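# Observations on the model geometry
Each chain, letter by letter, is given below.
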Amino acid sequence: MKNLVFSLLFAGALFSAAARTPKTAEEKGYRFTDSRSVPVTPVKDQSRSGTCWSFSTCSFLESEIMRAGGEAMHLSEMWIVRHTFMDKAMKYVRMHGHLNFAEGGASHDVIEMIKNYGIVPFEAYPGLNYGTEKPDFHELSGALKAYLDAVIRAGDKSNMPLSTAWKRAFNALLDEYFGPVPETFVYQGKEYTPASFAASLPIDMNDYIDITSFTHHPFYTQFIMEVPDNWMWGTVYNLPLDEMMEAVDHALDQGYALSWGTDVSEKGFSRTKAIGIVPEIALENMSGTEAEKWGKLTQQEKETLIYSFDKPVKELVVTQAKRQEAFDNYETTDDHGMVIVGKATDQAGNPFYKVLNSWGERPPYGGYWYFSQPFVAYKTTSIMLNKKALPEHIARKLGFE
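Residues numbered from 1 in each chain as written. Predicted model: local features only at pLDDT ≥ 70, side-chain atom pairs only at ≥ 80, totals over all residues. Heavy atoms only, no water.

## Considering the packing of helix H3 (residues 77-94) against helix H4 (residues 107-117)
At their nearest, the axes of H3 and H4 sit 10 Å apart, and the two run at 85 degrees to each other. For the element pair H3 / H4, the angle class is roughly perpendicular. Contacts from Trp79, Ile80, His83, Thr84 and Asp87 in H3 reach Asp109, Val110, Met113, Ile114 and Tyr117 in H4. When its residues are assigned to classes, the contact of H3 with H4 shows six nonpolar, two polar and two charged. (Axes fitted to C-alpha atoms, helices over the stretch in contact; angles between N-to-C directions. Helix = DSSP H or I, 4+ residues; strand = E, 2+ residues; numbered from the N terminus. Parallel < 35°, antiparallel > 145°, perpendicular 65-115°, else oblique. Contact = heavy atoms within 4.5 Å. Nonpolar A, V, L, I, M, F, W, Y, C, P; charged D, E, K, R; others polar.)

Structure follows, in structure tokens:
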């Protein structure tokens, strides 16, 4: 894999007569071999809602429950979303609207909601009270924000205290869209409250931490992650890049899944092929002829070659500086939440991570994706994991015994 991507691609249809011979489907594309896979619950579908953070973290916790000896279950994602909307609304009003009130969130939102409000299984609270079988927020989000903006405008213009009714009215909107929250429910023949059900789970919400790797804060300290969806102002632990990646590998090797926040706006992320890669362009490694031909291509032709996903390609060597630059320049944004559940290699032996997505079961991998090691190193915004999954030397540096 030390040859340039173009040594692989230019041998293809564009410049090589030999490559004009049709190839079989088996010879094209990436082929992955899983080397490790953590038990997880089935693929879910967030459908038309920006709630990947709740789906991914709930799936992560479902895996944690099984790892701890509990049974497979489906936690209610919308229980979390509904309570998050209420807490977010109160902060949004308190901040006079100067806060990101949207569907997005983060893994720590789920942990805090469970600590504060408990949790229920999906069967007890599907949260779909608006006539669809899957989440659909095309109306809900706008309606909620419009109401809050009206409350804020009324208070600002009148210079009078807010009414005692706005919270009750907002909660009534949530009831209508998600359904009233149950005080008690029966699950597998036993009655629970949301708090008692949370307490019955074989996991401790205090065990979960977020890690990341950036240079604009000191390593081995906590800082508030500066992304718009961090409305809660949750903190992350900052590690050097090599230690962040070491923590990922160590956790998977020990049988732990990880809740992963990342950027999926890159051209190297393919929705149809379920792959994420970071191809490298290195003209100095080309022959003179290849470089000359490359220079004559249009930008569209270059991108078609680079992002064809027809075979493994040389990828970017990710450094701490490159990672930081991408974040500072808005090239890396907090777009999507998924669950890293395993390791794999492609047919050339390159390391990949197997990832559980929440876009339903779809080809080619039934709702799973494969992301290269460079992609995860480059485009991770934050990772939630059980602190017991940290390597001992990293845990000590973060102050964990």
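## Quick look at the pattern of salt bridges
By the definition in use, this model includes 15 salt bridges. Lys44 serves as the salt-bridge partner of Glu62, at 3.0 Å between the closest nitrogen and oxygen. Taken together, the residues Glu62 in helix H2 (residues 52-67) and Lys44 in the loop between strand S1 (33-37) and H2 connect sequence positions 18 residues apart. In this pair, the class of Glu62 matches that of Lys44, namely buried. Note that Lys145 and Asp149 form a salt bridge whose closest N and O atoms lie 2.9 Å from each other. (Salt bridge = Lys/Arg side-chain N within 4 Å of Asp/Glu carboxyl O. Buried < 20%, exposed > 50% of the residue type's maximum accessible area, 1.4 Å probe, protein only.)

## What about the packing of aromatic side chains?
Counted according to the given criterion, the structure contains 30 aromatic pairs. An angle of 55 degrees between the planes, with centres 6.3 Å apart, marks the rings of Tyr130 and Tyr177 as tilted. Placement of the pair is Tyr130 in the loop between H4 and helix H5 (140-158) and Tyr177 in helix H6 (residues 166-178), with a sequence separation of 47 residues. With a relative accessible area of 14%, Tyr177 lands in the buried category. For the ring pair Phe185 and Tyr192, a centre distance of 5.9 Å and an interplane angle of 25 degrees mean the geometry is stacked. Per residue, the accessibility class of Phe185 equals that of Tyr192, and both read buried. The structure contains a cluster of three or more aromatic residues connected by ring pairs, namely Phe85, Tyr92, Phe101, Phe137, Tyr147, Phe170 and Phe178. Sitting above the plane of the Trp233 ring, Lys91 keeps its charged end 3.8 Å from the centroid. (Phe/Tyr/Trp six-rings, centres within 6.5 Å; stacked < 30°, edge-to-face > 60°. Lys NZ or Arg CZ within 6 Å of the ring centre and 35° of its normal.)

## Describing the pairing of strand S13 (residues 380-386)
In terms of residue burial, S13 counts as a mostly covered element, since seven of its seven residues are buried. Looking at chain direction, strand S4 (residues 208-212) and S13 are connected through four bridges and run antiparallel. Of the residues in S13, the one forming a bridge with Asp210 is Met384. In terms of strand pairing, strand S7 (residues 258-262) meets S13 through four bridges, oriented antiparallel. By the bridge assignment for S13, Ser259 is matched with Met384. (Pairing = 2+ DSSP bridges.)

## So, the environment of Lys115
Turning to its location among the elements, Lys115 is positioned in helix H4. Separated by 89 residues in the primary sequence, Lys115 and Asp204 place their C-alpha atoms 9.6 Å from one another. Those residues in contact with Lys115 that sit more than four places away from it in its chain are Met205 and Asn206.

## Description of the nonpolar core
Counting residues in hydrophobic clusters, the biggest one holds 97 residues, and the most contacted among them are Leu61 and Phe178. Broken down by element, this core gets its largest block of residues, nine residues, from H3. Among all residues touching Phe178, those that are not within four sequence positions of it are Met78, Val81, Arg82, Phe85, Tyr125, Gly127, Leu128, Asn129, Phe137 and Leu140. Formed by nine residues, the second largest nonpolar core is a distinct cluster that contains Tyr30, Val313, Ala344 and Phe352. (Core = buried A, V, L, I, M, F, W, Y, C linked by side-chain atoms within 4.5 Å.)

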